[in-house]
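Observations on the model geometry
Spelled out from the first residue to the last, the chains are:
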Amino acid sequence: ADCRYTCHQECRSLIQLDCRRPGQCQSQLSPESTLLPPCSQNVTQTVEEEKPEPPTIQEIKQKIEKYNAKVTNCLLMKLNEDGTYTGFIKVHLKLRRPVTVPAGIRPQSIYDALKEVNLADMTDKRTSFYLPLDAIKQLHISSTTTVSEVIQGLLKKFMVVDNPQKFALFKEMRKDGQVLFQKLPLTEYPLYLRLLAGPDTDVLSFVLKENETGEVEWDAFSIPELQNFLMILDKEEKDKIQQVHRKYERFKQRLQQTLKEARGKPG
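Residues numbered from 1 in each chain as written. Predicted model: local features only at pLDDT ≥ 70, side-chain atom pairs only at ≥ 80, totals over all residues. Heavy atoms only, no water.

Another aspect to go through is the overall build of the protein chain. From N to C terminus, the protein chain includes 5 helices and 10 strands. Within the protein chain, the fraction of its 267 residues that count as buried is 25%. Within the protein chain, residue pairs in contact and separated by at least 24 positions form 69% of the contacts whose partners lie at least 6 positions apart. (Helix = DSSP H or I, 4+ residues; strand = E, 2+ residues; numbered from the N terminus. Buried < 20%, exposed > 50% of the residue type's maximum accessible area, 1.4 Å probe, protein only. Contact = heavy atoms within 4.5 Å.)

Overall, the coordinates contain 1 cavity of 30 Å³ or more when judged by the stated rule. Put simply, the largest cavity is a space of about 30 Å³. Along its surface, the largest cavity is lined by Leu 93, Leu 95, Leu 131, Leu 154, Leu 155, Phe 158, Val 160 and Leu 208. Split into classes, the residues belonging to the lining of the largest cavity amount to 8 nonpolar, no polar and no charged. (1 Å grid on protein atoms, 1.4 Å probe; cavity = no way out; pocket = protein on both sides within 12 Å on 5 of 7 lines; lining within 4 Å. Points joined across faces, edges and corners; volume = space filled by probe spheres on them. Nonpolar A, V, L, I, M, F, W, Y, C, P; charged D, E, K, R; others polar.)

Another aspect to go through is the nonpolar core. Core analysis: the largest hydrophobic core is formed by 30 residues, its most contacted members being Ile 89, Val 91, Phe 167, Leu 169, Phe 206 and Leu 208. In contact with Phe 206, not counting residues within four places along its chain, are Ile 89, Lys 90, Val 91, His 92, Leu 169, Phe 170, Leu 184, Pro 190, Leu 193 and Arg 194. (Core = buried A, V, L, I, M, F, W, Y, C linked by side-chain atoms within 4.5 Å.)

Moving on, we come to the packing of aromatic side chains. Scanning the model with the defined rule gives 0 aromatic pairs in all. The ring of Phe 158 carries Lys 137 above its face, with NZ or CZ at 5.8 Å from the centroid. Between Lys 209 and the ring centre of Phe 170, over which it is positioned, the NZ or CZ distance is 5.2 Å. (Phe/Tyr/Trp six-rings, centres within 6.5 Å; stacked < 30°, edge-to-face > 60°. Lys NZ or Arg CZ within 6 Å of the ring centre and 35° of its normal.)

The next subject is helix 4 (residues 190-197). All of the buried residues in helix 4 are Pro 190, Leu 191, Leu 193, Arg 194 and Leu 195. Tucked into the core, helix 4 has its buried residues touching helix 1 (57-70), strand 4 (85-93), strand 7 (135-142), helix 3 (147-157), strand 8 (167-175) and strand 10 (205-210). Of the residues trailing helix 4, Gly 198 is marked for its positive phi of about 90°.

Relative placement of two packed helices is described by the angle separating their axes and the distance separating the axes. Close contact between helix 1 and helix 4 brings their axes to 9 Å; oriented N to C, the two are set at 65°. At the point where helix 1 passes helix 4, the crossing takes the left-handed sense. On the side of helix 1, the interface is formed by Ile 60, Lys 63, Ile 64 and Tyr 67, while helix 4 contributes Tyr 192, Arg 194, Leu 195 and Leu 196. Looking at the contact of helix 1 with helix 4 residue by residue, the classes come out as 6 nonpolar, no polar and 2 charged. (Axes fitted to C-alpha atoms, helices over the stretch in contact; angles between N-to-C directions. Left-handed = near helix turned anticlockwise from the far one by under 90°.)

Mean pLDDT over the protein chain stands at 77; residues scoring 70 or higher make up 69%. Taken as a whole, residues 24-49 scores under 50 in pLDDT and shows 25 contacts with residues more than four places along the chain or in a different chain. (pLDDT = per-residue confidence, 0-100.)

Quick look at the side chain of Ser 142 now. By the element assignment, Ser 142 lies in strand 7. For Ser 142, a relative accessible area of 19% gives the class buried. The residues touching Ser 142, leaving out its near neighbours within four places in the chain, are Tyr 85, Thr 86 and Leu 191.

Opposite charge on two side chains lets them pair, provided their charged atoms get close. Taken as a whole, this structure holds 5 salt bridges when the rule is applied. Across the pair Asp 162 and Lys 166 runs a salt bridge, and its minimum N-O distance is 3.3 Å. Here Asp 162 and Lys 166 have matching classes, each one buried. Between Glu 172 and Arg 174 there is a salt bridge; the shortest N-O distance is 3.3 Å. Of the residues examined, Glu 172 reaches a relative accessible area of 7% and is grouped as buried. One continuous salt-bridge network, built from bridges that share partners, spans Lys 94, Glu 172 and Arg 174. (Salt bridge = Lys/Arg side-chain N within 4 Å of Asp/Glu carboxyl O.)

Taken together, the side chains of Val 244, Tyr 248, Phe 251, Leu 255 and Leu 259 make up a nonpolar region of the molecular surface, amounting to roughly 500 Å² of accessible area. Structurally, Leu 259 can be placed in helix 5 (residues 223-262). (Patch = residues over 30% accessible without salt bridge, like charges linked within 9 Å, V, L, I, M, F, W, Y side chains within 5 Å. Areas by Shrake-Rupley, 256 points an atom, 1.4 Å probe, with all protein chains shown as cover.)

Next up on the list: helix 1. Helix length check: helix 1, at 14 residues, gives a terminal C-alpha distance of 20 Å against a target of 20 Å (1.5 Å per residue), a fit within 8%. Along helix 1, the positions that sit buried rather than exposed are Ile 60, Ile 64 and Tyr 67. Summarising the axial view, the buried residues of helix 1 lie within an arc of 65°, below the 170-degree limit, and thus occupy one face. Those residues of helix 1 that are exposed and aimed more than 90 degrees away from the buried face are Lys 66 and Ala 69. Structurally, helix 1 contributes buried residues whose contacts are with strand 3 (78-79), strand 4 and helix 4. (Expected span 1.5 Å × (residues − 1). Arc of directions from axis to C-beta.)

Structure below.
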């Protein structure tokens, strides 16, 4: 009544006010008049987050000039008249599981790439193999290229026919001697992140990994793939069991050796 404090009726018993100068109030409102009706569970309030203003063409131009000044190779960024720009990003492939590719298909040639020939459509036969760990693929993309398009482009270059939802693009950052990974949303623009971070890959790099941060969409896998996963898990389980057995076998041998040496000693 004195300070015009307003709260919900169900919150009234939780409120503690320190009214030190009740005589200085400007109105004599009754406590009941300051209560709001109880909250409804079906009422939601949407709070719009303030999105940063997109950079102007002049700002983009300045950033590109600053970026190109640090480039030590020929992989420069180029600004177009419409304000978009093109450049290069490097993606590290850190896939721990095999990928599915067409069987018996020759590698894609420059002619196939120019003609946009999809060799995967030429056969229904499939095979699985492991991509080289830490392989690096360089992509020439635009500022309008999204993470989703980068993933699809990488899969197409390696003729991987797996569902793109199985993969995710991460940004790798190094801070205070630690390596941090952050999954990028599918609508993010990797080239803009590269522009902001500069050409130094120690500051920022991109990594393609399995999409394991959310719920696994098992419907995206075929029966042979699921059976292959079971074989891999079975092998990993056996290897882990052997590691545990070897660990405690060494512990047992050291313990027996210690007991043997202690038998000839007093006490």
